[in-house]
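If you want the building blocks of each chain, they are given just below.
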Amino acid sequence: MLLDLKFGLAALALEVGAWSSASLLAEHSDAALASYLVVHALASVLLSLALLPLIPRRLAQPRLATLALMAGFSYAIPVAGFLGVLAAFPVLARYHGRGQVADFESLQLPEFDQTQRRKSQFRQAGLRSFLGKTEVPVPVRMRAIAALQHVAGRTAAPLLRGVLSDPNDELRLLAYGMLDSLEKRINRAIGVELNALDSAAEGSEQALHSAHHLSDLYWELVYEDLVQGDLRAHAIRESLRYCNLVLQQRSDNAALHLRRGRLLDESGHADEAEQAYVQARALGLPATRVMPYQAQLCFGRRDFAQTRALMQRLDQWSALPRLRPVIDYWNLT
Amino acid sequence: MTHPTAQSADIALVLEGTFPYIRGGVSGWVNQIIHAYPEHRFAIIFLGSRREDYGDFKYPLPANVVHFEEHFLYAKGSSNEEPLARAGDPVGHALVQRLLDALAEGPANAQAMRAFEAVVEQMQPGGTVQLTDFLYSRRAWELICDNYRRHCADPSFVDFFWTVRIMFQPLWVLARVAQQFIDVRAVHCASTGYAGFLGGLLAQTRGVPLILSEHGIYTKERKIDLFKSEWIRDNRNIFQRDPTELSYLRQMWIQFFEWIGRYCYQRADPIIALYEANRQRQVADGAPAERTSSIPNGIRVERFSPLRADRPAGPPPVLCLIGRVVPIKDIKTFIRAMRRVVNQRPDAEGWIAGPVDEDPTYVEECRNLVRSLGLQQNIQFLGMQRVEDLMPQIGLVVLSSISEALPLVLLEGYAAGVPTVATDVGSCRQLVEGLDAEDRALGPSGTVVPIAQPQQLADAALALLGDPVAWHAASRAAVARVERYYTDTLMFDRYRQVYERALTYAPGVA
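Residues numbered from 1 in each chain as written. Chains lettered and ligands numbered in written order. Predicted model: local features only at pLDDT ≥ 70, side-chain atom pairs only at ≥ 80, totals over all residues. Heavy atoms only, no water.

A.B. asks: Honestly, the overall build of chain A in this entry has me stumped. Any pointers?
C.D. replies: For chain A, the helix and strand inventory stands at 15 helices and zero strands. Considering chain A as a whole, with its 333 residues, one finds that 37% of them fall into the buried category. Counting only contacts in chain A whose residues sit at least 6 apart along the sequence, the fraction spanning at least 24 positions is 54%. When the accessible area of chain A is evaluated, it comes to approximately 19600 Å², of which 59% is carbon and sulfur surface. (Helix = DSSP H or I, 4+ residues; strand = E, 2+ residues; numbered from the N terminus. Buried < 20%, exposed > 50% of the residue type's maximum accessible area, 1.4 Å probe, protein only. Contact = heavy atoms within 4.5 Å. Areas by Shrake-Rupley, 256 points an atom, 1.4 Å probe, with all protein chains shown as cover.)

What follows is the structure, encoded as structure tokens:
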């Protein structure tokens, strides 16, 4: 600071000196002009040096250029330039203070953000928190639960299960009744098919058909999210068992190979699952149906390069609108 | 079968769908109560749906039941009389119209209650509101049409029409029963609903005191049936339907039961619940708070205490659900939980001890579930069993019900030193963890889990069975709890006072 002040005073003294020497000498010689120009130049540089620290650091970059600009300005317009540079500082401080730039620039939102999906904000997530709030009047929550009757089981089941431990009896019972009827439908069908399988001759067309249907039904329990924990594991096991049973006889069923792959993946047999997916593809199932699961499997193995490769291949099809955001995400950059 | 009859009795017990045809908590309790007061002469009115829904008596009638009669509300009419077109009684029609107008103001209004009382009085034989008029008269038809146009949100008139008919028809049966019933000094109902309606009508027309003991909450249990029932249709299409509303016909049933519950509450004194939460629920449903109180169930502990000596040293890996195989007990959750229990402990067994004849469809569903979960080796349906024989062989009493009041099986298990894993319904939490500080100090006598969560039920059971120290501590707490708070002598003393008060009540003073 002291240095700046010295520079400033020196600059002022030199400038005054430059003018006064020229006028004192009162001669119109080239030497007088030359001496004026040299002293004026020195004064200009000193002035710039004096003022440079007062400029906000961000604006003072690059240093040499800023210095040159200020010095040049003072030098080119004698007196007025000098005063102008001095006057510029209060003005700069004023304007700069007004349009304060934040420390961070605005950030673009991530391309794939679950919470920012349009329309979806108040769907399941909203309903879940609504149902969970015990301060909401019971009749209102009751109606919200009743509305779940018209929602797909896969979406409704987890929400309804959340209400099962609600302190209010009536809500609990309504949720229970609804879950029960979802699940009863499937278990009743399982009962019917098990009977049919028992009564059919082994290896017969009927037995095969029942086994296929049983695999479907157990898978439905898993898909609709009606079973948890050990029951889920059991349903996966049973579905896989019947799936294998059918595939022993009908090894060309591509869709069942795909199911088998998913079941194996769910039960932690990634390698076998991959084999099954490959087989499903080989048997002619379209890539768009198999590849998402293959990609999921790679992702599960943390093989991200392969995941990306698969996703890039998926990008070539315009099918799968629901998977679009995921595909776009992986194909970004 | 001939039943005892008499000209008069001390106390009329009005029972709907329980004793003596059905086994279970309420029936056992009724049996206990009748046996406990040999000095009183009881008359029983049993109300059922149809004769063919019930088998034989499950309990022999105690000697002090001097009169027994049964009525079936949905029995086919025995009359061969041809329906005749008629105009309908204008006086009765005006009464009903007044009731409907009053009801439009909302359910909790005294004016509607007075109008309802006037109507039900006229429903008795000889009155102005007769069943034949309701079924065949032009005035009734017009009333139904008018109400359909003004209120019904369901487009099917046919469904509305038959719902109205089926809903109200039993009330005339009950009105006749009330008029023709023998002389009694007090009426005791074990539930609201149709039984409560009949009790209320007896109290209204004869001025006798009405005692109401509710075990579960009738209206609530009816709601469970109604929420689950598949026979109530919703005919609204996607444009007519408010997705947040239950079907109109379903709501009609719910309101009907709520209303007849209210009618019973405003006549009954005292109104007895089994535990505090149910008492509050009664008050919320329209029972005057000053007439309500709680009397918990009790059991004869001496019947079970010798069994404690027969028990093996460690907890046997047997989980036993004692109860009727019916949907409200949610047997399926128990079966599902067993899948996990067996995964963790292959030697574990699940026993289901209770009658299987009440709801054959549900039993079939349960058996299918056992099969579909591959548990045929581990789960047994034992049918009706003597609880005393079971207790020494089992490690846990499991209760997976979605609704309960104060389940006696838990207390019986406690008396035999068997801890429990129960769902958090009714008074189960109070029975397991204790009610007040003193009760809680005894320690938990088992574990409470949320309803319909097999995984949690299984984990709780495994934790208790796998830790003999915790199991023995729970067993000790169970014995201490039942001996201190839930003996039958406590219950009998309190009911003795209730009966004495009712029987000394001057008749005729309404």
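A.B. asks: Please clarify how the interface of chain A and chain B should be interpreted in this entry.
C.D. replies: Buried accessible area, meaning the area lost when the parts come together, often serves as the stated size of an interface. Contact residues are listed per partner, giving 33 residues for chain A and 36 residues for chain B. Contact between chain A and chain B buries roughly 3000 Å² in total, counting both sides, with carbon and sulfur atoms accounting for 54%. Of all residues in chain A, Leu173, Tyr176 and Asp230 of chain A bury the most surface against chain B, accounting for 21% of the area lost on that side. With a closest N to O distance of 2.7 Å, Asp230 of chain A and Arg340 of chain B form a salt bridge. At the surface where chain A touches chain B, the tally comes to 11 residue pairs in polar contact (both at pLDDT 80 or more). Elements with a minimum of two residues in the side of chain A that touches chain B: helix 6 (138–147), helix 8 (169–199) and helix 10 (229–249) of chain A. When residues in the side of chain A that touches chain B are grouped by element, the largest group, 17 residues, is from helix 8 of chain A. Class assignment of the residues belonging to the side of chain A that touches chain B gives a composition of 11 nonpolar, 10 polar and 12 charged. (Buried area = accessible area lost by both parts, 1.4 Å probe. Salt bridge = Lys/Arg side-chain N within 4 Å of Asp/Glu carboxyl O. Polar contact = N/O pair within 3.5 Å; in protein donor to acceptor, adjacent residues only side chain to side chain. Nonpolar A, V, L, I, M, F, W, Y, C, P; charged D, E, K, R; others polar.)

A.B. asks: I tried to follow the environment of Trp253 of chain B on my own but got confused; where do I start?
C.D. replies: All names here are of chain B. When you line up the elements, Trp253 lands in helix 9 (residues 248–267). Take Trp253: its relative accessible area is 7%, and that puts it in the buried class. Separated by 134 residues in the primary sequence, Trp253 and Val387 place their C-alpha atoms 37 Å from one another.

A.B. asks: Just checking my understanding: could you explain the domain arrangement of chain B for this structure?
C.D. replies: All names here are of chain B. Looking at chain B, the domain boundaries give domain 1 (1–75 + 181–230 + 237–298 + 487–510), domain 2 (91–160) and domain 3 (301–486). A straight line from the C-alpha centre of domain 1 to that of domain 2 covers 25 Å. On the domain 1 side of the interface with domain 2, the three residues burying the most area are Tyr248, Leu249 and Trp259, jointly 43% of the side's total. In this structure, the connection of domain 1 to domain 2 is made through one salt bridge. Salt-bridge contacts for Glu117 lead to Arg267; the nearest nitrogen and oxygen are separated by 3.4 Å. Our count for the domain 1 to domain 2 interface comes out at four residue pairs in polar contact (both at pLDDT 80 or more). No other element matches the nine residues that helix 9 contributes to the side of domain 1 that touches domain 2. (Domains from an automatic or database assignment.)

A.B. asks: When you look at the nonpolar core in this model, what are you seeing that I'm missing?
C.D. replies: If you look at soluble globular proteins, the nonpolar side chains tend to sit buried side by side. Counting 129 residues, the largest nonpolar core has Leu319, Ile335, Met391, Leu396 and Leu411 of chain B as its most contacted members. Top contributing element to this core by residue count: helix 8 of chain A, with 12 residues. When sequence neighbours within four positions are dropped, the list of residues in contact with Leu396 of chain B reads Val318, Leu319, Cys320, Val418, Pro419, Thr420, Val421, Ala461, Leu464, Leu465 and Trp471 of chain B. Grouped together as the second largest cluster of nonpolar side chains are 66 residues, Leu73, Val208, Leu226 and Tyr265 of chain B included. (Core = buried A, V, L, I, M, F, W, Y, C linked by side-chain atoms within 4.5 Å.)

A.B. asks: Help me understand the sheet that holds strand 10 (residues 379–383) of chain B, please; the structure alone is not making it clear to me.
C.D. replies: Two modes of strand pairing occur in sheets, parallel and antiparallel, and in both the strands are linked by backbone hydrogen bonds. Residues and elements named next belong to chain B. An order of 10-9-8-11-12-13 is seen for the six strands of this open sheet, with the pairing classed as parallel. Across the chains shown, the open sheet's two edge strands, defined by having one partner strand only, are strand 10 and strand 13 (446–449). For this sheet the average axis-to-axis angle between neighbouring strands, irrespective of direction, equals 20°. Bridge analysis of strand 8 (residues 318–322) against strand 11 (residues 396–399) gives three bridges, and the strand direction is parallel. Counterpart to Cys320 in the pairing with strand 11 is Val397. Helix 11 (residues 331–344) rests against strand 8, strand 9 (349–353), strand 10 and strand 11 of the sheet, and its axis sits at about 165° to strand 9. The strands touched by helix 14 (residues 408–415) are strand 8, strand 11 and strand 12 (420–423); relative to strand 11, the strand with the most contacts, the crossing angle is about 170°. (Pairing = 2+ DSSP bridges. Axes fitted to C-alpha atoms, helices over the stretch in contact; angles between N-to-C directions.)

A.B. asks: Would you explain the pairing of strand 12 of chain B in this entry?
C.D. replies: For a regular strand, side chains alternate in direction, first toward one face of the sheet and then toward the other. Residues and elements named next belong to chain B. Here strand 12 shows a buried face lined by Thr420 and Ala422 and a second buried face lined by Val421 and Thr423. As defined by bridge partners, strand 11 adjoins strand 12 across three bridges and the pair is classed as parallel. In the sheet register, Leu399 faces strand 12, and the bridge partner there is Ala422. Handedness of the crossover joining strand 11 and strand 12 through helix 14: right-handed. Strand direction decides the pairing type here: strand 12 and strand 13, joined by four bridges, are parallel. Bridged to Ala422 within strand 13 is Val448. (Right-handed = clockwise from strand over helix to strand, strands pointing away.)

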